[in-house]
Amino acid sequence: ILSLCCTAAYVTDGLVVSLLSDPGWDTPQLPVILKSLNDAAELVEEPVDLPHAARSTHVDHWSDWIQGRRRLHIENGSDLWKNRVILFPYLQFCDRVEFDLESFKNGNPALHQINTALARLDRETQLWEDFFRHQNVPHATPEGQATLDQYGHLRTFICPDGLKRTFSWHLRFTPGAGRLYLPLSYNEHPN
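Residues numbered from 1 in each chain as written. Predicted model: local features only at pLDDT ≥ 70, side-chain atom pairs only at ≥ 80, totals over all residues. Heavy atoms only, no water.

Engineer: So what exactly am I meant to see when it comes to the layout of surface pockets here?
Structural biologist: The gaps of empty space that remain are located by a probe, the size of a water molecule, rolled over the atoms. Of the volumes computed, that of the largest pocket is approximately 1100 Å³. In terms of residue count, helix α7 (residues 109-126) provides more of the lining of the largest pocket than any other element does, 10 residues in total. The class makeup of the residues in the lining of the largest pocket is 16 nonpolar, 13 polar and 11 charged. Within this model, the second largest pocket holds a volume of roughly 910 Å³. Considering the residues around the second largest pocket, the lining is formed by 32 residues, among which Val97, Phe167, Leu180, Tyr181 and Leu182 are closest to the centre. Classifying every residue of the lining of the second largest pocket by side-chain character gives 24 nonpolar, 2 polar and 6 charged. (1 Å grid on protein atoms, 1.4 Å probe; cavity = no way out; pocket = protein on both sides within 12 Å on 5 of 7 lines; lining within 4 Å. Points joined across faces, edges and corners; volume = space filled by probe spheres on them. Helix = DSSP H or I, 4+ residues; strand = E, 2+ residues; numbered from the N terminus. Nonpolar A, V, L, I, M, F, W, Y, C, P; charged D, E, K, R; others polar.)

Next comes the structure, spelled out in structure tokens:
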């Protein structure tokens, strides 16, 4: 049952709620190992910290996050774009993202995954010091050099500062082979 609850919280970007039956539950972030299949259908294990509450102080820890989620009801990509500053205050978006998000209509199952991936990325960027720790964001991977050589022009975007950049690092989302590209180069990521 625990695995199912954690999976549900991960997929919905929700809060895991538990009883304080063991000292291990006394934490606002529950460390778990996420098991998933990568693009090559290989089993990948990634450490993930899930939002968690077993006592009122844990709920207090997440109160801003909870209140933000209660105020907004996202039904389509346009709603996500209009509320991006509230939902993802630590992220900046290229102008093109508005057009891409508008293609996600009500009921599109990928929209929830996009929202979840952006929320996780936003939480991680709050903690950035010197560099992006891709290990803390599930499904963050770079494109291979062969892919960049062939399709780099499709991964080149105009950034908010007006410069064109090729985006290699991305977050995968399902269903399908969805990608959210991040304007980071290989040398910005220690292994």
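Anyway, onward from the coordinates.
Engineer: So what exactly am I meant to see when it comes to the sheet that holds strand β2 (residues 29-37) here?
Structural biologist: Reading across from one edge, β1-β3-β2 is the order of the 3 strands in this open sheet, with mixed pairing throughout. Edge positions in the sheet fall to β1 (16-17) and β2, since each has one partner strand and no second. Bridge count for β1 against strand β3 (residues 43-53) is 2 bridges, and the pairing is parallel. The partner of Val17 across the bridge, within β3, is Ala53. (Pairing = 2+ DSSP bridges.)

Engineer: What's the story with the pattern of salt bridges in this structure? I'm lost.
Structural biologist: When their charged atoms lie close together, side chains carrying opposite charge are able to pair. Scanning all chains against the criterion turns up 5 salt bridges. One salt bridge connects Arg55 with Asp26, and the closest N-O pair in it is separated by 2.9 Å. Linking Arg55 in the loop between β3 and α2 (56-61) with Asp26 in the loop between β1 and β2, this pair joins segments that are 29 residues apart in sequence. Note that Arg165 is salt-bridged to Asp161, the shortest N-O span being 2.8 Å. Taking the relative accessible area as the measure of exposure, Arg165 reaches 30% and is therefore partly exposed. (Salt bridge = Lys/Arg side-chain N within 4 Å of Asp/Glu carboxyl O. Buried < 20%, exposed > 50% of the residue type's maximum accessible area, 1.4 Å probe, protein only.)

Engineer: Hey, could you run me through the sheet that holds strand β7 (residues 170-173) in this one?
Structural biologist: Paired through backbone hydrogen bonds, the strands of a sheet run either parallel or antiparallel to each other. With antiparallel pairing, the 3 strands of this open sheet are ordered in space as β4-β7-β8. Edge positions in the open sheet fall to β4 (140-141) and β8 (178-181), since each of these has one partner strand only. When β4 meets β7, the two strands line up antiparallel, connected through 2 bridges. Note that in β7 the partner of Ala140 across the bridge is Leu171.

Engineer: Looking at this model, I keep getting lost on the nonpolar core. Mind explaining?
Structural biologist: In globular proteins that are soluble, nonpolar side chains generally tend to be buried together. With 22 residues, the main nonpolar core has Leu80, Phe88, Ile114, Leu118, Leu171 and Leu180 as its most contacted residues. Broken down by secondary-structure element, the contributors of at least two residues to this core are α4 (77-82), α7 and β7. Those residues in contact with Leu171 that lie beyond four places of it in its chain are Ala117, Leu121, Val137, Pro138, His139, Ala140, Gly178, Arg179, Leu180 and Leu182. Listed in part, the 10 residues of the second largest apolar core include Tyr10, Trp25, Leu50 and Ala54. (Core = buried A, V, L, I, M, F, W, Y, C linked by side-chain atoms within 4.5 Å. Contact = heavy atoms within 4.5 Å.)

Engineer: Teacher, can you tell me more about the pairing of β8 here?
Structural biologist: Each regular strand displays side chains that alternate between the two surfaces of the sheet. With burial as the criterion, only one face of β8 is covered, namely that bearing Gly178 and Leu180; the residues Arg179 and Tyr181 on the opposite face remain uncovered. Where β7 lies against β8, 4 bridges are found, and the strand directions are antiparallel. When the sheet's bridge partners are listed, Leu171 is paired in β8 with Leu180.

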